[in-house]
Amino acid sequence: MMNFEELFCVEVAPMPAIIVIFGATGDLAQRKLFPALRSLHDRGLFNESSLIVACGRRAYDDDSFRELIGGEGDFLQHITYCRGDNDSDELYCKLGQIIHRAAAGGGDYPYNVLFYLALASDDMLNVCGKLSRHGLLLETSSDNGWRHVVFEKPFGYDLQSARVLNGELHKLLDEHQIYRIDHYLGKETVQNILMLRFANLIFEPLWRAEYIDHVEITAAEALGVERRGKYYDRSGALRDMFQNHMLQLLCLTAMEVPGNFEADAVRDEKVKLLRAIRPFDLNDLESQVVRGQYIEGKALPGYRQEADVNKESMTESYVAAKIMIDNWRWRDVPFYLRSGKRLAKKKSEIAITFKNIPHSIFPNMPPDTLKANTLVMSIYPTENVTLSLQAKKPGPKLCIGTMQLDFSYNSLGKTADDDAYERLLLDALLGDPTLFIRSDFIDEAWALLTPVLDAWQKSAVPLEFYPAGSEGPEMAKKLTAPANWRPLEL
């Protein structure tokens with residue numbers, strides 16, 4: 001059992017709030033949002049005066065919708081159902097009445113309102129416009145609390161569409177009211193990257209080009225597109241994973257220490273890091289980016305055989321990229337990022353590979369045993385941190401091998417994989433935007449990737465095919481040469 005001595009714990013229950021969930025009968029709300037809110041309630045992190053308003057088109061009333069949510073306990077009594085079409089003014093009139101009644105009965109303290117748009121991206125701007133026209137986004141004074149809106153990804157389709165979307169939203173909302181969510185940032189190991197780096201002096205002197213050989217960031221999935229074929233065929237891996245998850249993980253790994261742990265200080269450093277990334281050389285794009293698509297293999301269908309996918313689709317289901325950061329800390333250190341579907345294993349991790357020792361004092365040691373030490377922050381399937389070291393095997397002979405120092409969240413008695421939305425919802429209810437994405441990050445991310453998307457439209461980089469259930473396209477190996485990607489089965 002791992003020993004964990006708690007030094008301090010910042011866990012604050014939010015003030016009373018009205019949580020309005022659009023798309024409440026959909027998959028995201030049912031699988032993630034309501035279970036996360038129930039867990040917050042059961043842990044005493046949900047104010048007993050708070051109200052959850054579930055908005056949807058289906059013919060439920062309060063009782064039948066609570067039955068749909070299921071489970072026992074008084075959590076269900078916090079839920080009310082508001083039926084209506086997102087395009088109908090009647091829905092927003094009813095919603096305004098519900099909010100007004102709840103706020104009027106709240107006593108001396110203000111009621112905050114959190115709108116969560118668990119909707120397709122095409123519907124989000126329309127709903128915000130309706131909320132604004134009905135006065136539901138106004139923060140008129142401290143007496144009526146704040147009004148925040150949570151947006152699910154994707155946020156834009158490219159640089160131009162993201163700027164248009166941000167411009168339209170800023171006509172309706174101030175930036176402080178906009179909470180762009182990336183559920184990866186709620187995962188325990190992802191949050192722990194900052195703690196590992198900035199709360200332990202042992203790592204900071206080594207976290208730089210003098211000691212680190214390269215960094216790998218992996219987000220691999222064993223499944224295909226499943227029921228998301230229509231969306232995914234318009235999006236692809238670069239838009240679906242790189243523009244948000246992968247670049248967020250890169251920033252957390254490589255950013256400079258912020259002046260403090262306040263939201264804007266942390267997010268400022270992320271944006272600075274994005275601005276330091278060397279733009280891709282469009283005349284030599286193949287040496288920096290590999291795009292792939294899975295074909296039939298291991299009795300698994302190919303991408304073009306998936307439901308709602310164009311039978312001649314050129315959409316990528318896999319992307320690997322070599323990224324260079326032009327600053328003193330990371331001079332000449334390559335960052336290798338890969339993400340794809342129908343790979344050998346579902347696995348997400350960040351691997352920091354340190355340089356080899358310059359000279360070995362141990363005689364006759366083969367060069368292939370002089371492996372660099374590697375620090376691995378695993379996000380899935382386990383959430384742990386592992387440091388591999390060279391050590392002597394017990395016994396009279398001089399046998400040297402690799403041993404691992406391992407910290408696992410499971411050893412603390414709880415698996416944390418499903419807690420991401422719980423953490424992010426709590427932060428949203430507390431009005432803490434630290435783990436949410438600011439508009440300038442969106443802009444910089446799309447500015448980096450849109451030229452790649454444009455080049456692909458001109459077929460500047462060929463589409464590489466890889467068998468379903470494999471490690472990915474063979475061409476991806478050339479990005480990391482002479483090193484190799486860490487095997488997904490490792």
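Given the structure is predicted, the values throughout are model-derived calculations rather than measurements. (Residues numbered from 1 in each chain as written. Predicted model: local features only at pLDDT ≥ 70, side-chain atom pairs only at ≥ 80, totals over all residues. Heavy atoms only, no water.)

What follows covers the overall build of the chain. Counting its regular elements, the chain contains 12 helices and 15 strands. Over its C-alpha trace the chain gives a radius of gyration of 24 Å, about what one expects of a compact globule, namely 23 Å for 490 residues. Put simply, 75% of the contacts in the chain that link residues at least 6 apart link residues at least 24 apart. Put simply, the chain shows about 23400 Å² of open surface, and 53% of that area lies on carbon and sulfur atoms. (Helix = DSSP H or I, 4+ residues; strand = E, 2+ residues; numbered from the N terminus. Rg over C-alpha atoms; globule rule 2.2 N^0.38 Å. Contact = heavy atoms within 4.5 Å. Areas by Shrake-Rupley, 256 points an atom, 1.4 Å probe, with all protein chains shown as cover.)

What follows deals with the packing of helix α6 (residues 188-198) against helix α8 (residues 237-254). When two helices pack together, their arrangement is captured by the angle between the axes and the distance separating the axes. Between α6 and α8, the shortest axis-to-axis distance is 9 Å and the interhelical angle comes to 15°. Compared by their axis directions, α6 and α8 come out roughly parallel. Where α6 crosses over α8, the two elements pack in a sense that is left-handed. Seen from α6, the contacting residues are V190, I193, L194 and R197; seen from α8, they are L249, L252, T253 and A254. Class assignment for the residues of the contact of α6 with α8 results in 6 nonpolar, 1 polar and 1 charged. (Axes fitted to C-alpha atoms, helices over the stretch in contact; angles between N-to-C directions. Parallel < 35°, antiparallel > 145°, perpendicular 65-115°, else oblique. Left-handed = near helix turned anticlockwise from the far one by under 90°. Nonpolar A, V, L, I, M, F, W, Y, C, P; charged D, E, K, R; others polar.)

This part covers empty space enclosed by the protein. A complete count under the given rule lists 7 cavities of 30 Å³ or more for this structure. Around the largest cavity sit F151, E152, K153, P154, F155, R180, I181, Q243, N244, I437 and I442, which together line it. In terms of residue class, the lining of the largest cavity is built from 6 nonpolar, 2 polar and 3 charged. (1 Å grid on protein atoms, 1.4 Å probe; cavity = no way out; pocket = protein on both sides within 12 Å on 5 of 7 lines; lining within 4 Å. Points joined across faces, edges and corners; volume = space filled by probe spheres on them.)

Here 9 strands make up an open sheet; going across it, the order is β14-β13-β12-β11-β7-β10-β9-β8-β15 and the pairing mixed. Lying at the two open borders of the sheet, with one neighbouring strand each, are β14 (400-408) and β15 (463-467). Averaged over all adjacent pairs, the angle separating strand axes in this sheet is 20°, with direction ignored. Note that strand β13 (residues 384-392) and β14 share 9 bridges and pair antiparallel. Opposite S388, over in β14, you have Q404 as the bridge partner. Lying over the sheet, α6 contacts β11 (347-354), β12 (374-380), β13 and β14, oriented at roughly 150° with respect to β12. (Pairing = 2+ DSSP bridges.)

Our next topic: the pairing of strand β2 (residues 51-56). Where burial is concerned, most of β2 is hidden: 6 out of the 6 residues are buried. The alternating pattern of β2 places L51, V53 and C55 and I52, A54 and G56 on opposite faces, both of which are buried. Bridging between strand β1 (residues 17-22) and β2 involves 5 bridges; their strand directions are parallel. In the strand pairing of β2, V20 is matched with V53. (Buried < 20%, exposed > 50% of the residue type's maximum accessible area, 1.4 Å probe, protein only.)

Looking now at the side chain of R180. Considering the arrangement of structural elements, one finds R180 in strand β6 (residues 178-180). A distance of 2.8 Å separates a polar atom in the side chain of R180 from a polar atom in the side chain of N166. A distance of 2.9 Å separates a polar side-chain atom of R180 from the backbone oxygen of I437. The contacts of R180, once residues within four sequence positions are left out, are F151, F155, N166, H170, E175, F436, I437, R438, S439 and I442. (Polar contact = N/O pair within 3.5 Å; in protein donor to acceptor, adjacent residues only side chain to side chain.)

Ranked by internal contacts, the top residues of the largest apolar core, which has 148 residues, are F22 and F115. Per-element tally for this core: the top contributor is α8, with 11 residues. Dropping the residues within four chain positions of it, F115 is found in contact with V20, F22, L95, I99, L131, L136, L137, R147, H148, V149 and V150. (Core = buried A, V, L, I, M, F, W, Y, C linked by side-chain atoms within 4.5 Å.)

On to the sheet that holds β6. Strand order in this open sheet of 6 strands is β3-β2-β1-β4-β5-β6, and the pairing throughout is parallel. Sheet topology places β3 (79-83) and β6 at the edges, where each strand pairs with a single neighbour. On average, each strand axis in the sheet is inclined to that of its neighbour by 20°, with strand direction left out of account. Across the face of the sheet, helix α2 (residues 62-69) comes into contact with β2 and β3 while running at roughly 115° to β3. Sheet contacts for helix α3 (residues 89-104): β1, β2, β3 and β4 (112-117); angle to β1, the most-contacted strand, approximately 160°.

The subject of this paragraph is the packing of helix α1 (residues 27-42) against α2. Packing of α1 against α2 leaves a shortest axis separation of 11 Å and a crossing angle of 95°. When the interaxial angle is binned, α1 and α2 end up roughly perpendicular. Contacts from Q30, F34 and R38 of α1 reach α2 at F65, L68 and I69. Tallied by class, residues from the contact of α1 with α2 come to 4 nonpolar, 1 polar and 1 charged.

Bringing the packing of aromatic side chains into the picture now. In this structure the tally under the stated criterion is 15 aromatic pairs. On the numbers, 6.2 Å between centres and 85° between planes, the contact of F151 with F155 is edge-to-face. No difference in accessibility class separates F151 from F155, as the two residues are buried. One aromatic cluster in this structure is built from Y232, Y294, Y303, Y318 and Y466. The ring of Y157 carries the charged tip of R239 above its face, separated from the ring centre by 3.6 Å. (Phe/Tyr/Trp six-rings, centres within 6.5 Å; stacked < 30°, edge-to-face > 60°. Lys NZ or Arg CZ within 6 Å of the ring centre and 35° of its normal.)

On to the environment of L479. Among the secondary structure elements, L479 is positioned in helix α12 (residues 476-480). The exposure class of L479 is buried, given its relative accessible area of 3%. Between the C-alpha atom of L479 and that of G229, which follows or precedes it by 250 residues, the distance is 29 Å. Not counting chain neighbours up to four residues away, the residues in contact with L479 comprise E286, S287, Q288, V289, V290, A320, A321, K322 and Y336.

Of note, R267 is situated in helix α9 (residues 263-276). Judged by relative accessible area, R267 falls into the buried class, the value being 9%. The contacts of R267, once residues within four sequence positions are left out, are P433, T434, F436, I437 and R438.

Don't take any of this as a statement about function, it's just geometry.
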